[in-house]
Amino acid sequence: MTDHVQNIPPRDKAEILAQALPYIRKFHGKTIVIKYGGNAMTDPELQADFAEDVVLLKLVGMNPVVVHGGGPQIEAALNKLGKKGHFIQGMRVTDSETMEVVEWVLAGEVQQDIVGLINQAGGKAVGLTGRDGGLIRAQKLKMPDRNDPDLHHDVGQVGEIVAIDPSVVKALQDDAFIPVVSPLGFGADNESYNINADVVAGKLATVLKAEKLMMLTNTPGVLDKAGNLLTNLSAREIDELFADGTISGGMLPKIEGALDAAKSGVNAVHIIDGRVPHAMLLEILTDQAYGTMIRAR
Ligand SMILES: Nc1ncnc2c1ncn2[C@@H]1O[C@H](COP(=O)(O)OP(=O)(O)O)[C@@H](O)[C@H]1O
Ligand SMILES: CC(=O)N[C@@H](CCC(=O)OP(=O)(O)O)C(=O)O
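Residues numbered from 1 in each chain as written. Chains lettered and ligands numbered in written order. Predicted model: local features only at pLDDT ≥ 70, side-chain atom pairs only at ≥ 80, totals over all residues.

The name that an unreviewed UniProt entry assigns to the chain is Acetylglutamate kinase, with the source organism given as Variovorax rhizosphaerae. Recorded under Subcellular location (unreviewed entry), the UniProt text for the chain is reproduced unchanged: "Cytoplasm". (UniProt positions renumbered as here; feature names shortened; annotations may be inferred.)

Q: Looking at this structure, I do not really get the packing of helix α4 (residues 71–80) against helix α5 (residues 96–120). What am I missing?
A: Across the interface, α4 lies against α5 with an axial gap of 9 Å and an inter-helix angle of 125°. Between α4 and α5, the crossing angle belongs to the class labelled oblique. Relative to α5, α4 is oriented so that their crossing is right-handed. Side by side, α4 and α5 meet where Gln73, Ile74, Ala77 and Leu78 of the first sit next to Thr98, Val101, Val102, Val105, Glu109 and Val110 of the second. (Axes fitted to C-alpha atoms, helices over the stretch in contact; angles between N-to-C directions. Helix = DSSP H or I, 4+ residues; strand = E, 2+ residues; numbered from the N terminus. Parallel < 35°, antiparallel > 145°, perpendicular 65-115°, else oblique. Left-handed = near helix turned anticlockwise from the far one by under 90°. Contact = placed C-beta atoms within 7 Å.)

Q: Just to check I follow, could you spell out the site of ligand 2 for this structure?
A: Gly38, Gly69, Gly71, Arg92 and Ala197 are the nearest of the 18 residues found near ligand 2. Contributions of two or more residues to the shell around ligand 2 are made by α4, β4 (91–92) and α7 (197–207). In terms of residue class, the shell around ligand 2 is built from 7 nonpolar, 9 polar and 2 charged. (Near = placed C-beta within 6 Å. Nonpolar A, V, L, I, M, F, W, Y, C, P; charged D, E, K, R; others polar.)

This is the structure in C-alpha cells:
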C-alpha cells in the first residue's frame, strides 16, 4: 500500500469503503464489459492495478468481461519488421503480412499478459479469440468514406461483425471465470479478420445485455476542440463533433462502439482515462463521475 493511502484517516477510509455498498448491491450479478485499450496498458504498475480492479469486481459479485486492444503493441511489432501501420478513419489497413502480426500480437503477447496479471491478482481469467466457441463471425468490411458515402475504402482484412454467439462467454462467467477477448473474427471460410476492439466491445456489451460498458483509453475522455473534457454526450452532440472534425483517429471507432451500445440498451457507457490508477473502480463504486458518458439521446 502506498504511503498516501496509509495516511488517510481511518474514518475517511471507512466512509469511502461504505460508499461502495449501494453500487455493489446495484450491480451484483450484472455484466460489465471493459474495453482495455492498447494505449491504456503501457505502464506495468497500471496494468497490475487494472487486473486487481477486474478481480475485485468479480469477487463482489459482478461479471466483468474484458475486451482488449493492442494498437501500439501491433505497431511496435510491425516496426521491428520494417513496416509502418496505416489507418483510414481509425481502422488499420491490414494486408496479409499485417494480419499475421495482428493475430500473433493480440492473441499471443497482449492477451496472455492480461490473463496472467488477472490470475496473479487472484482471478481465473480465460483468453478467447473470436474463433473460440464461434464467438465472433465476421466478413470483410466495406467502409464508406465519412464525407462521401458513395466512396468506399478497401482496408484489407479488416472485419465487420456479422454475428456474435456469446454462449462461450456466458458459460465461462457462470463458472466464475473472467473472459478476456481478443478482437479477432473469423469468416465463412475460416479466414481471420482484424476488428477494431472498440467495435467488438460495443457489440459484445449489447449482445450480453451488459449493465455497463467501460472504455479505458489514454485521454481523460472525449475532449472538445479547446481540449476541455466533455462529461456527457448525446447522439446528436456526437454527430456535431463528427461533422466539425473534433473527433478523429482512434476516437472514431470508439465513439461508434460506445454509441452502438448505448442505443442498444446498455445502461451506462463511459469513456475513461486508463492512465488514472483504479479509474474503473472509482467510476463503478463511488459517487464520483469520471470521463465521458455516452447517451443514446
Ligand atoms: N475529441 C477527441 N477527444 C479525445 N481523444 C481524441 C479525440 N479525437 C481523437 N482522439 C484521439 O483518440 C485517441 C484514443 O483512441 P486510440 O488511440 O484508438 O486509443 P485506444 O488504444 O485506447 O483504443 C486519443 O489518444 C486521441 O489521440
Ligand atoms: C481494424 C483495427 O484497427 N484493428 C485494431 C485492433 C486493435 C485495437 O483496436 O487496439 P486499440 O484498442 O488499442 O486501438 C488494430 O489493428 O490496431
